[in-house]
Amino acid sequence: YRLASQVIVRYVQRRAKGQCEGCGAPSPFRKSDGSPYLESHHTTRRADGGPDHPAHVIALCPNAIDELTMLLTQRTSTGDSREDWLNWSEEMRPG
């Protein structure tokens, strides 16, 4: 399982090409190897039945992670986190 997750993370990081897939901004930091610093994030938590598949994992910059964390922490409805995520992603994207 762990190896499969690492493969997914590498795929998602390459797919993002240094751009946050949440807000569209370039990664604000670099890792020690010079590659963009983006975190892989499931659009539906695995604990909620979200699949560990590249179509359901995105690369986010630290700023987008903070925004998303605040949104999900502060939400008062019991709505679907996937719906919250999609709404947040639309609001965060430039232009």
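Here the structure is a predicted model, which is why all the values come from computation and not from measurement.

1. Focus on the pattern of salt bridges
Then, in step 1: Inspection of every chain in the model, using the stated rule, returns 1 salt bridge.
Then, in step 2: We note a salt bridge from Arg 15 to Glu 21, for which the minimum N-O separation is 2.9 Å.
Then, in step 3: Since its relative accessible area comes to 31%, Arg 15 is described here as partly exposed.
Then, in step 4: Overall, Glu 21 belongs to the buried group, its relative accessible area being 17%.

2. Structural notes on unusual backbone geometry
Then, in step 1: Phi angles above zero are rare outside glycine, and Lys 17 is one such case at about 55°.
Then, in step 2: Position of Lys 17 relative to the elements: it lies in the loop between helix H1 (2–16) and strand S1 (39–42).

3. Focus on the nonpolar core
Then, in step 1: Counting residues in hydrophobic clusters, the biggest one holds 14 residues, and the most contacted among them are Val 12, Cys 20, Leu 38, Ala 59, Leu 60, Cys 61 and Ala 64.
Then, in step 2: Those elements that provide at least two residues to this core are H1, strand S2 (57–60) and helix H2 (62–74).
Then, in step 3: With 4 residues, S2 is the largest single contributor of residues to this core.
Then, in step 4: Not counting residues within four places of it along the chain, the set of residues in contact with Ala 59 comprises Val 12, Gln 13, Ala 16, Gln 19, Cys 20, Glu 21, Gly 22, Leu 38, Glu 39 and Ser 40.

4. Topic: the pairing of S2
Then, in step 1: Alternating residues of S2 divide into Val 57 and Ala 59 and Ile 58 and Leu 60, and every residue in both groups is buried.
Then, in step 2: In the sheet, S1 pairs with S2 via 4 bridges, with the strands oriented antiparallel. Residue pairing for S2: Glu 39 is matched across the bridge by Leu 60.

How each quantity is defined
- Residues numbered from 1 in each chain as written.
- Predicted model: local features only at pLDDT ≥ 70, side-chain atom pairs only at ≥ 80, totals over all residues.
- Heavy atoms only, no water.
- Salt bridge = Lys/Arg side-chain N within 4 Å of Asp/Glu carboxyl O.
- Buried < 20%, exposed > 50% of the residue type's maximum accessible area, 1.4 Å probe, protein only.
- Helix = DSSP H or I, 4+ residues; strand = E, 2+ residues; numbered from the N terminus.
- Core = buried A, V, L, I, M, F, W, Y, C linked by side-chain atoms within 4.5 Å.
- Contact = heavy atoms within 4.5 Å.
- Pairing = 2+ DSSP bridges.

Honestly, it's all geometry; don't read function into it.
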